[in-house]
Amino acid sequence: MPKAKSKETLVEKAARLGLSNEDLVDMLRTMYLIRQFEYMADRLYALGKVHGTMHLSAGQEAVAVGISRATRKDDYLINHHRGHGHFISKGADINLMMSEFLGKENGYCKGRGGSMHIADFTSNNLGANGIVGGGIPHSLGVGLAIKHRKSDALVITLFGDGAANEGVFHETLNMAALWKIPSLYVCENNKYGMSMDVERATAKLPIAQRAEGYGIPWYAIDGNDLLLVYETMKNAADYIRAGNGPVLVETQTYRYFGHSKSDRNLYRSKEEIENWRTTKDPIMRFRGQLVEENIITDEFADQLDKEGLKINEDAVAFAEASPEPDPSTVTEYVYA
Amino acid sequence: MPEITYLEAIRQAMWQEMKRDDRVFLIGEDIGRYGGAFGVSHGMLDEFGPERIIETPISEPSIVGAAVGAAVVDMRPIVEIMFMDFTLMTFDQIANQAGKMHYMFGGKATVPMVIRMPGGSGTGAAAQHSQSLETLLMHMPGLKVAVPSTPYDAKGLLLSAIRDPNPVCFVEHKLLYKTKGEVPEEQYTIPFGVADIKRQGKDLTIVSSGIMVHKSLAVVNRLAEEGIDVEVVDVRTLKPLDNDTIINSVAKTGKLLVVHEAVETAGWAGEIMAIVSGSRAFDYLDAPMRRLTGKNVPIPYNRQLERAAVPQEEDIEREVRAILKGEY
C-alpha cells in the first residue's frame, strides 16, 4: 500500500487517487446527509414518534462514505446494526429509509424490520443485522456465489469492535482465508460495545492484527480521515478483486450518541465525547481541508449541510404521510 | 421399482438435483473423501468436485451462516450438520438469521436452503449425539421441518426441500439409514404439509414420525392378528403440519396416541393434541388423548438405559391396549 506523503495537500492527494473536485464535494454532501439523518432520527425519538430502538452512527460518517466511494454499486454489502450511514452512502432512498424507521408500509422492509433491519436486495444491500456478528459468516456464502458466477464483485462485510469477540468472526476469517473469499472485512471500531471499552474487551490491540493468525492482510487506520479510508479501501478492493482473497481493515472511529435509545453515557465522560467532536470530527476535518485549499467556501459547506437537513425533513414529511401496515397482514411474509 | 436404502435415497435426491441445477451445493464437515459421518455423500466429491462438495473446518455456526449468505444471493445450499445435536451451536444462524430474514426484510429476501441433520438415539452415542430436537425447530417462525420415515419419502421430501424458497430443516433418523424400500429412479417431489396414512384402521389413531412410525407399524401389524385395527398417520413434515389428515383420522377412530422419540415436556405431541382438541374431532373422542414420548432425560449410554429412555415396541403395545381397554 503506497504511503501518503506527509506534506501532500488534499488537492494532490485527490489527484493521486483519481478523485475530482466534484467527487470530493459529493463525499462531503453524503457525510452531511448521513449526519442529518442521524440527528433527525434522534429528534424524532425525542418527539416520541419512534416506536422502537435505533443505533446512530453520527461521528462515523467517513467510514461509510470512504467504503462506498472505493467500491462498486454491484458489490454486496453485509451491514451491522449501526448501519444507517452505510445504507445511505450506498445510495438508499432517504424517503423509504425514513418510512421504515417510522414503521410504514412503504418502508424498505414494509415496516417489519425497522432501523436495525434495513435491506434493499435490489441494490445488493443484504441487510443490517440485529445480532452482533450475525452477518459475518454470510460473507462466506456470498463469496462462494461470486466465485461460482466468476464475477469480480466483492462483498463488504461490516461489523464492530464488539463483534470481533464473537466466535463467528474467527471461524469466518479462517474459512475466508482458506477459500480466498472475495470479502472486504471492515471492523468499525467505535471504541465501545454498548458500554464495554474495547481496551477492556480485547486482549491485544489493534483488533485487526488478529488477521495475522489467518494469513490475511490487515490495516488499522484512522477511520475519521476520509481520504485515508478511501485509499485503504480502494487498495484493499483492488487486491481482493484480483483474486487474492480477503482483507481486514479496522477503522478507528467514535460514536457521539449512546449505544441505543436507553444509553445514558455512564461509561464515558462528557469531555471524551466533546474532545472527539471538536478535534477529530470526520466532517469538520474534511470540510476544513476543502475550504483551506479553496475547493469550496464555508458558505457552500453550510449549504450542503442545510441540503442534508432539507432532504431529511422532506423524508419525514413523506414518511409521516405514508400508510401504516394493516394489522391483518401480520402473518404475511413468514414464508416465501 | 428399485429397492434402495434410506441413505441412498437421500444421496440420490442430492445427486440428481445437483446434476439438474448448478446452484445446488453441499457444505459440511468430512463430507468429501470420508463421505460424511454416516456415508451419505460417499462418491459425491469425485462426481462434483471440491467447489460443490465443500468441506469445512469444524465451525458449525459459520457453516450454517455461509449457507444463509449463499441462499440470499440465489444459490441452493445444502448443509450437512454431522449430528442434530450440533445444531444447538448454530441456533443463531438457523433461527435468528435463516428463519427470520424473509419476514424482517418485508418479504424481499428469500433463504432457499436445506439443513440436513441426523437425529435420534439407538447407537450408544449418549447424550450429545442422540437427541431429537425437532420441536425446537418447529417452534421457530420461518423454518420448515421434514422428518421422513422411508426411503421413498426421504427422496421426495428432500427434493421438495431443495426447491423450497424457505429454510428447511431435514431430520434424518440415523437408525433408518440402512432400511430399504422401493424408490423410483426418476425425480419426484412429495409436497410439504401432506401426511401419509401408513396403515388404515378404525379403532385408534397413532400419529408419529421417523423411526417411531416403523415401531408403531410393527406393533399394529401384530395387533391386527387379534382383530385390533389401528391407523398409523406419518406426519412426514412437522412444519407445515397436515392438520386435516390428523383431525379426519381422529374423527374416524375416536382415539389418539401420539408417539415420538423427543422428550415429553413441550414436545410436539402436545401440539397435535391441541390441534385435535380445538377441532371437530374433539366431539368424536371417546377416550383421553395420550402421548408416548421420550422420557425427560438426556439420552444415556448404557444399552438398557438408552432403550428405557425412548418408546419401544412393548411400550407402544401396552399403551394401545390400555387406551382400547378404557384404562385412562
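Worth saying up front: this structure is predicted, and the values here are computed from it rather than measured. (Residues numbered from 1 in each chain as written. Chains lettered and ligands numbered in written order. Predicted model: local features only at pLDDT ≥ 70, side-chain atom pairs only at ≥ 80, totals over all residues. Heavy atoms only, no water.)

(A) Expanded view of the packing of helix H1 (residues 6-20) of chain B against helix H7 (residues 151-163) of chain B. Residue and element names in this part refer to chain B. At a minimum axis distance of 8 Å, the contact between H1 and H7 shows a crossing angle of 30°. By the angle class used here, H1 and H7 are roughly parallel. In terms of crossing hand, the pair formed by H1 and H7 is right-handed. On the side of H1, the interface is formed by Tyr6, Ala9, Ile10, Gln12, Ala13, Met14, Gln16, Glu17 and Arg20, while H7 contributes Pro151, Ala154, Lys155, Leu158, Leu159, Ile162 and Arg163. (Axes fitted to C-alpha atoms, helices over the stretch in contact; angles between N-to-C directions. Helix = DSSP H or I, 4+ residues; strand = E, 2+ residues; numbered from the N terminus. Parallel < 35°, antiparallel > 145°, perpendicular 65-115°, else oblique. Left-handed = near helix turned anticlockwise from the far one by under 90°. Contact = heavy atoms within 4.5 Å.)

(B) Seen up close, the sheet that holds strand E7 (residues 168-173) of chain B. Residues and elements named next belong to chain B. Taken in spatial order, the seven strands make up an open sheet running E3-E2-E4-E5-E7-E6-E12, and their pairing is mixed. The open sheet terminates on both sides in strands that have one partner only, identified here as strand E3 (53-55) and strand E12 (237-239). Pairwise comparison of adjacent strand axes, ignoring direction, gives a mean angle of 20° for this sheet. Both strand E6 (residues 144-146) and E12 contribute to a ladder of two bridges, which runs antiparallel. Residue pairing across strands places Ala146 opposite Thr237, the latter belonging to E12. (Pairing = 2+ DSSP bridges.)

(C) Up close: the interface of chain B and chain A. On the side of chain A, 39 residues touch chain B, which itself brings 41 residues to the contact. Interface area for chain B against chain A, summed over the two sides, is near 3100 Å², with a carbon-plus-sulfur share of 66%. Counting across the interface, chain B meets chain A through zero salt bridges. On inspection of chain B and its partner chain A, the count reaches 15 residue pairs in polar contact (both at pLDDT 80 or more). Every element with two or more residues in the side of chain B that touches chain A is listed here: strand E2 (24-28), E3, helix H3 (60-72), helix H4 (91-98) and helix H5 (101-104) of chain B. Looking at the side of chain B that touches chain A residue by residue, the class counts come to 20 nonpolar, 14 polar and seven charged. (Buried area = accessible area lost by both parts, 1.4 Å probe. Salt bridge = Lys/Arg side-chain N within 4 Å of Asp/Glu carboxyl O. Polar contact = N/O pair within 3.5 Å; in protein donor to acceptor, adjacent residues only side chain to side chain. Nonpolar A, V, L, I, M, F, W, Y, C, P; charged D, E, K, R; others polar.)

(D) Representation of the sheet that holds strand E7 (residues 247-252) of chain A within the structure. Residue and element names in this part refer to chain A. Spatial strand order, E1-E2-E3-E7-E6: five strands in an open sheet with parallel pairing. A strand with exactly one partner marks an edge of an open sheet, and here the two such strands are strand E1 (76-78) and strand E6 (218-222). For this sheet, the mean angle separating the axes of adjacent strands, direction not counted, is 20°. With six bridges connecting them, strand E3 (residues 183-189) and E7 associate as parallel partners. In the strand pairing of E7, Val186 is matched with Val249. The strands touched by helix H3 (residues 61-70) within the sheet are strand E2 (155-160), E3 and E7, with E3 carrying the most contacts at an inclination of about 170°. Contacts between helix H7 (residues 167-178) and the sheet are confined to E2, E3 and E7, with E3 contributing the most and set at about 150° to the helix.

(E) Highlighting the domain arrangement of chain B. All names here are of chain B. Domain boundaries in chain B define domain 1 (3-182) and domain 2 (196-325). Measuring from the centre of the C-alpha atoms in domain 1 to the corresponding centre in domain 2 gives 26 Å. Contact with domain 1, which involves 29 residues of that partner, is made by 25 residues of domain 2. Where domain 1 meets domain 2, there are two salt bridges. The interface formed by domain 1 and domain 2 includes 16 residue pairs in polar contact (both at pLDDT 80 or more). Tallying contributions element by element places helix H6 (residues 134-139) first for the side of domain 1 that touches domain 2, with four residues. Looking at the side of domain 1 that touches domain 2 residue by residue, the classes come out as 14 nonpolar, twelve polar and three charged. (Domains from an automatic or database assignment.)

(F) Representation of the nonpolar core in the model. With 159 residues, the main nonpolar core has Leu28(A), Leu248(A), Phe286(A) and Met113(B) as its most contacted residues. Considering every element that reaches this core, the biggest residue donor is helix H2 (residues 21-46) of chain A, with twelve residues. Viewed by domain, this core spans two of them, domain 1 (3-182) and domain 2 (196-325) of chain B, each represented by three or more residues. Once residues lying within four places of it in the same chain are set aside, the contact partners of Leu248(A) are Phe159(A), Phe169(A), Leu173(A), Tyr185(A), Cys187(A), Ala208(A), Ala211(A), Ile216(A), Pro217(A), Trp218(A) and Tyr219(A). Grouped together as the second largest cluster of nonpolar side chains are 54 residues, Met18(B), Leu158(B), Tyr177(B) and Val220(B) included. (Core = buried A, V, L, I, M, F, W, Y, C linked by side-chain atoms within 4.5 Å. Buried < 20%, exposed > 50% of the residue type's maximum accessible area, 1.4 Å probe, protein only.)

(G) Summary view of the packing of aromatic side chains. Scanning the entire structure with this criterion turns up 14 aromatic pairs over all chains. On the numbers, 5.4 Å between centres and 65° between planes, the contact of Phe38(B) with Phe83(B) is edge-to-face. Of this pair, Phe38(B) sits in the loop between E2 and helix H2 (44-48) while Phe83(B) sits in the loop between strand E4 (76-80) and H4; the two residues are 45 residues apart in sequence, bridging distant segments of the chain. Take Phe38(B): its relative accessible area is 27%, and that puts it in the partly exposed class. Assessed through its relative accessible area of 12%, Phe83(B) is described here as buried. One aromatic cluster is present, built from ring pairs that chain together Tyr6(B), Phe38(B), Phe83(B), Phe86(B) and Tyr177(B). One cation-aromatic arrangement involves Lys280(A) over Trp276(A); the distance from NZ or CZ to the ring centre is 4.2 Å. Positioned over the ring face of Tyr328(B) is Arg290(B), at 3.5 Å from the centre of the ring. (Phe/Tyr/Trp six-rings, centres within 6.5 Å; stacked < 30°, edge-to-face > 60°. Lys NZ or Arg CZ within 6 Å of the ring centre and 35° of its normal.)

(H) Examining the pattern of salt bridges more closely. Counted according to the given criterion, the structure contains 46 salt bridges over all chains. Arg287(A) is the partner of Asp298(A) in a salt bridge, and the nearest nitrogen-oxygen pair spans 2.8 Å. Of this pair, Asp298(A) sits in helix H12 (residues 298-320) while Arg287(A) sits in helix H11 (residues 282-292); the two residues are eleven residues apart in sequence, bridging distant segments of the chain. For Glu231(B), the salt bridge goes to Lys252(B), with nearest N and O atoms at 2.4 Å. Taken together, the residues Glu231(B) in strand E11 (residues 230-234) and Lys252(B) in helix H9 (residues 243-253) connect sequence positions 21 residues apart. Salt bridges sharing partners connect three or more residues here, namely Asp23(A), Asp26(A), Arg29(A), Arg69(A) and Glu307(A).

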